[in-house]
Structures are given as C-alpha cells and as structure tokens.
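Okay, here's what each chain looks like letter by letter:
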Amino acid sequence: MNIAIVCYPTFGGSGVLATELGIALADMGHQVHFVTYKQPVKLALLSHQVHFHEVVVPDYPLFRYQPYELALSSKLLNVVKDYNIELLHVHYAIPHAYAGYMAQQMLRGEGINIPMVTTLHGTDITLVGNHPFYKPAVTFSINNSDAVTSVSESLKQDTINQFNINKSIEVIPNFIDLSKKMGQQDGPCERSAMAAPDERIITHVSNLRPVKRLMDVIDIFNRIAHKCPARLIIVGDGPDKDPAKALIEQKGLKSKVQFMGNSDEVHKILCLSDLFLLPSEIESFGLAALEAMACRVPVISTNVGGLPEVNLHGFSGYLSEVGDVDSMAQNALSILKNEAILDQFKDQARAQASNFSIDLVVPKYEALYKRTIAETVASV
Ligand code: GMT
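None of these values were measured; they are calculated from a predicted model. (Residues numbered from 1 in each chain as written. Predicted model: local features only at pLDDT ≥ 70, side-chain atom pairs only at ≥ 80, totals over all residues. Heavy atoms only, no water.)

Caption draft 1: Just the overall build of the chain, in detail. Helices and strands together make up the secondary structure of the chain, namely 14 helices and 13 strands. Taking 21 Å as the expected radius of gyration for a compact globule of 380 residues, we find that the chain reaches 21 Å, a close match to that expectation. Dimensions of the chain, computed from the C-alpha atoms along their principal axes, are close to 70 × 45 × 35 Å. Within the chain, buried positions represent 55% of all 380 residues. Long-range contacts, defined as pairs at least 24 residues apart, comprise 70% of the intrachain contacts of the chain with a sequence gap of at least 6. Total accessible area on the chain is roughly 16100 Å²; 51% of this is exposed by carbon and sulfur atoms. Computing the positive centroid from 32 side-chain charges and the negative centroid from 40, the chain places the two 3 Å apart. (Helix = DSSP H or I, 4+ residues; strand = E, 2+ residues; numbered from the N terminus. Rg over C-alpha atoms; globule rule 2.2 N^0.38 Å. Buried < 20%, exposed > 50% of the residue type's maximum accessible area, 1.4 Å probe, protein only. Contact = heavy atoms within 4.5 Å. Areas by Shrake-Rupley, 256 points an atom, 1.4 Å probe, with all protein chains shown as cover. Lys, Arg positive; Asp, Glu negative; His and termini not counted. Charge placed at Lys NZ, Arg CZ, Asp CG, Glu CD.)

Structure representation (structure tokens):
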C-alpha cells in the first residue's frame, strides 16, 4: 500500500508512535510518506520505502496566525496525486483530521476518492479538543473520518462521553518494539556514571507540562530520598522546568537531581533506571511508561485515563490517585527497598510490556487500512 502519515514531528507521544508505525509499515513492504512541517525526530533514516514531505507555510505580514491547515491540505493533495497514495492516516485530531478532510474534498473534486483513518491520542480529546472553540470542528472531523481509532479503551469512552460521535471507534493500543535495544546502551549499561552503587535511580520522562505534575515527581522523590539513597533523572523539556528547579532548590535536592533535556535515546537512560515516575493528571495511554516497562523499569503512576490498561497494579508497578504523593512514595519504597522484590518487578514490567509488542499491534493497523480502502472502493 502507499500510505500518507500526518503527525506532529516532535518528541510528543503521538509523533513518536506515528513515526514508529510508519517505519514498521515500511519494513512490511509498504510505501510510507510522512507529511508534516519537519522531519520527525525519531525518523533517522529515509529510504526507498520511507519518504518525508515538508509542509511549508509562507510568511505574510497580514497573517497574525499562519494558516498551517491550508498548507497541509494543499500538500496532502499534491502528495496523494504524485505518489498514488491509497490512504491517509492522521495522528492527533487537531488540526490534522480537519486538514485531511479538506484534502479529501479537494481530491474528490478531481475524481479521486481516498479514505482517511484518524487516530485519537489524548489531549486532542481530553484537554484541547473539547474546548468550545475547537469542539465543533473536532466533532465534525472525527465523524467524517472513514475510520477512527483510539489508543486506549479509556480514551474511546472519553471521546464518546465528551463528543457527539456517530462513528465507531476501534481501540488499537500503542506499541513497543521489544527487539530493539530496550534497556541497553550501545555497550554495557554504565550505572556508575550516574550514581553510587548503593543509590537507586529514579527516572521521569515527559514534555514537562502541567498535566504531567512535575512538582509531584519532586515531592515523591523527596520522600523516597529521605528513606533510601536515590537520584532523580528528569528527561524532557517544557514549561514546568523552571518551577521544578526552584522546588528542587527549596527542598535541598539539587545534588541529587539531574535534568537531561530532550533525548531520542531515552533507552540509554532507562537502562540505568530502577523506577519510573508518571504522576500525571491526564494520560490517555502513557507511552513513556510502556517504554520504561520494556526496559525492565517498574512504573509508579496515577490511575487516570488509560494508565490502568498499561501499568498493572502490583505487577508492573503501582497505581495511586492523582496528587497522592504519600501513596506513590510508599509504593516506590516497597519496590526499591528490597533487591529481590525490585528484580521481580523488573521482570514483571518487561512481561507486561510484551503484551503491547509491535508484532501484535501493527497488523491491526494494516488490517484496518485494507478494510477501509476496500470499503471506499466499494462505495464509489
Ligand atoms: O500529552 C502528551 O504527553 C503528548 C501527547 C501527544 O499526542 O503527543 O501524548 C498523548 O498521546 C500519547 C501517544 O498516544 C499517549 O501515550 C499520552 O498518554 C497522551 N497524553 C495525554 O493523554 C496527556
């Protein structure tokens, strides 16, 4: 199949997932065309199967806001025609499903019928998408997609509860490639570079936005560090970085916390880690938690959204109520304080991650594409 994928090219989970999906589809023999404003960060190599088409928005003094959707839909029209694209797969409803719909309409005017699959990722529904200024356009785009998927059962229910949806939504969970060097560096995992032998290494990876509750990460770590020698590694960048630094300073934790910035080699940090903290306020899935588990790192998280579908309480880690930092610290200590228990949780985390293996999930997208294309052909 010739497939066009539209996604955000940044470190966010939806972009990472879309990129991994495109690479996997190319490995299965499909032609994959990424259409976005920058080469996706995880897309290291282009090949004769993987292509990138940059969406450029020309600047003009009259514009206060640049019309990205317009440029994206025009680019999609051209890519579809130039490369005989058979299906559009848009990740994150805003504004991709809307731009995809416009491209479909323009193509229809030229006698080309092309189906569009929309994948809902989370904040496009739970946070941004349901703002009254966006909601009518998001509802319209979802209802006019040829197929809709969500990354968790919880996000499917949120979409049904919060929007007036007349389309069926198929849950296709996020996935992980367990054959890649998960939990390994290029050489052996050198813990000594980051911590003393008796110190536990705790990690948090996110875009450091308020929904991730970075201050809770620090409060939980503070409680852990009072009971057991530990260090905290924070990977990512975002608006809560400076307030977090101030809290770290105030709590006297500066020598124990390290900020690593954005990284596309998170596995090298997870390789060193004993525990992953994800105390989010909203999380439709929690791809970062799955990546940690694939690297044998147990997860201490909240119980919101899709997290209970990913992190199994008492098996791959523990779940607590949002903001209950005492419970999260206690759960963390119950894993960290005993070597045998820590090892058991590490094995269990990896076992739970294998339920989201790329081999199990990507064929679901492939089957959906085939079905959707066949339905479009039949409807003409
Ligand atoms: O909010 C983020 O963390 C980024 C966002 C994205 O779309 O890039 O993440 C959402 O999609 C990820 C991939 O499906 C999910 O793993 C995250 O749980 C989801 N984030 C939220 O729901 C807050």
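Here the narrative resumes.
Caption draft 2: Structural detail: the pattern of salt bridges. Using the criterion set out here, one finds 14 salt bridges in the structure. The salt bridge partner of Arg371 is Glu170, with a shortest N-O separation of 2.9 Å. Placement of the pair is Arg371 in helix H14 (residues 358-379) and Glu170 in strand E7 (residues 169-171), with a sequence separation of 201 residues. Among the residues examined, Arg371 registers a relative accessible area of 41% and is labelled partly exposed. Look at Glu170 and you get partly exposed, because its relative accessible area is 26%. Residues Asp274 and Arg191 are paired through a salt bridge, measuring 3.1 Å at the closest nitrogen-oxygen approach. Taken together, the residues span a long stretch of sequence, with Asp274 in the loop between helix H9 (266-270) and strand E11 (275-278) and Arg191 in the loop between E7 and strand E8 (200-205) at a distance of 83 residues. One salt-bridge network, in which partners are shared between bridges, spans Arg191, Asp274 and Lys346. (Salt bridge = Lys/Arg side-chain N within 4 Å of Asp/Glu carboxyl O.)

Caption draft 3: Representation of the sheet that holds E8 in the model. Pairing is parallel in the open sheet, where six strands are placed in the order E10-E9-E8-E11-E12-E13. Only two strands of the sheet have a single neighbouring strand rather than two, namely strand E10 (257-261) and strand E13 (317-320). Direction aside, the axes of adjacent strands within the sheet are offset by 20° on average. Note: E8 against E11, two bridges, orientation parallel. By the bridge assignment for E11, Thr203 is matched with Phe276. Helix-sheet contacts for helix H12 (residues 325-336) involve E8, E11, strand E12 (299-302) and E13, and the interaxial angle to E13 is about 170°. (Pairing = 2+ DSSP bridges. Axes fitted to C-alpha atoms, helices over the stretch in contact; angles between N-to-C directions.)

Caption draft 4: Representation of the packing of aromatic side chains in the model. Using the criterion set out here, one finds seven aromatic pairs in the structure. With a centroid separation of 5.7 Å and 85° between ring planes, the pair formed by Phe285 and Phe356 is classed as edge-to-face. Residue Phe285 is found in the loop between E11 and helix H10 (287-294), and its partner Phe356 is found in the loop between helix H13 (339-353) and H14; the two are separated by 71 residues along the sequence. Its end group placed over the ring of Phe163, Lys135 keeps NZ or CZ at 5.4 Å from the ring centre. It is Lys245 that lies over the ring of Phe259; its NZ or CZ is 5.2 Å from the centre. (Phe/Tyr/Trp six-rings, centres within 6.5 Å; stacked < 30°, edge-to-face > 60°. Lys NZ or Arg CZ within 6 Å of the ring centre and 35° of its normal.)

Caption draft 5: Structural context of the nonpolar core. Among the nonpolar cores identified, the biggest contains 70 residues, and Leu25, Phe276, Leu290 and Tyr369 are the most heavily contacted of them. Apart from the residues lying within four places of it in its own chain, the contact partners of Leu290 are Asn174, Phe175, Ile176, Phe285, Val310, Ala353 and Phe356. Grouped together as the second largest cluster of nonpolar side chains are 31 residues, Ile202, Ile218, Ala225 and Val325 included. (Core = buried A, V, L, I, M, F, W, Y, C linked by side-chain atoms within 4.5 Å.)

Caption draft 6: Structural detail: the layout of surface pockets. Taken as a whole, the largest pocket holds about 1100 Å³ of empty space. What lines the largest pocket is a set of 49 residues, and nearest its centre among them are Gly12, Gly13, Ser14, Asn207 and Arg209. Broken down by secondary-structure element, the contributors of at least two residues to the lining of the largest pocket are helix H1 (13-27), helix H2 (68-82), helix H3 (93-109), helix H4 (123-126), helix H5 (135-143) and H10. (1 Å grid on protein atoms, 1.4 Å probe; cavity = no way out; pocket = protein on both sides within 12 Å on 5 of 7 lines; lining within 4 Å. Points joined across faces, edges and corners; volume = space filled by probe spheres on them.)

Caption draft 7: Up close: the site of the ligand. Among the 18 residues in the neighbourhood of the ligand, the closest are listed as His121, Asn174, Arg209, Glu283 and Ser284. Gly13 is positioned such that a nitrogen or oxygen atom in its backbone is 3.0 Å from an oxygen atom of the ligand. Take Leu287: an N or O atom from its main chain is 2.9 Å from an oxygen atom of the ligand. Burial of the ligand by the protein chains amounts to 94% of its free accessible area of 470 Å². Here the ligand is seated within the largest pocket. Its residues assigned to classes, the shell around the ligand shows five nonpolar, 10 polar and three charged. (Near = heavy atom within 4 Å. Polar contact = N/O pair within 3.5 Å; in protein donor to acceptor, adjacent residues only side chain to side chain. Sits in = over half its atoms within 2 Å of the grid points. Nonpolar A, V, L, I, M, F, W, Y, C, P; charged D, E, K, R; others polar.)

Caption draft 8: Here's a closer look at the sheet that holds strand E5 (residues 116-120). Read across the sheet, seven strands follow the order E3-E2-E1-E4-E5-E6-E7 without closing on themselves; strand pairing throughout is parallel. At either end of the open sheet lies a strand with only one pairing partner, and these are strand E3 (50-54) and E7. Averaged over all pairs of adjacent strands, the angle between strand axes in this sheet comes to 25°, irrespective of strand direction. Along the sheet, H1 contacts strand E1 (2-6), strand E2 (31-36), E3 and strand E4 (87-91); its crossing angle with E2, the most-contacted strand, is approximately 155°. The sheet strands contacting helix H6 (residues 153-162) are E5, strand E6 (147-150) and E7, and the helix crosses E7 at an angle near 160°.

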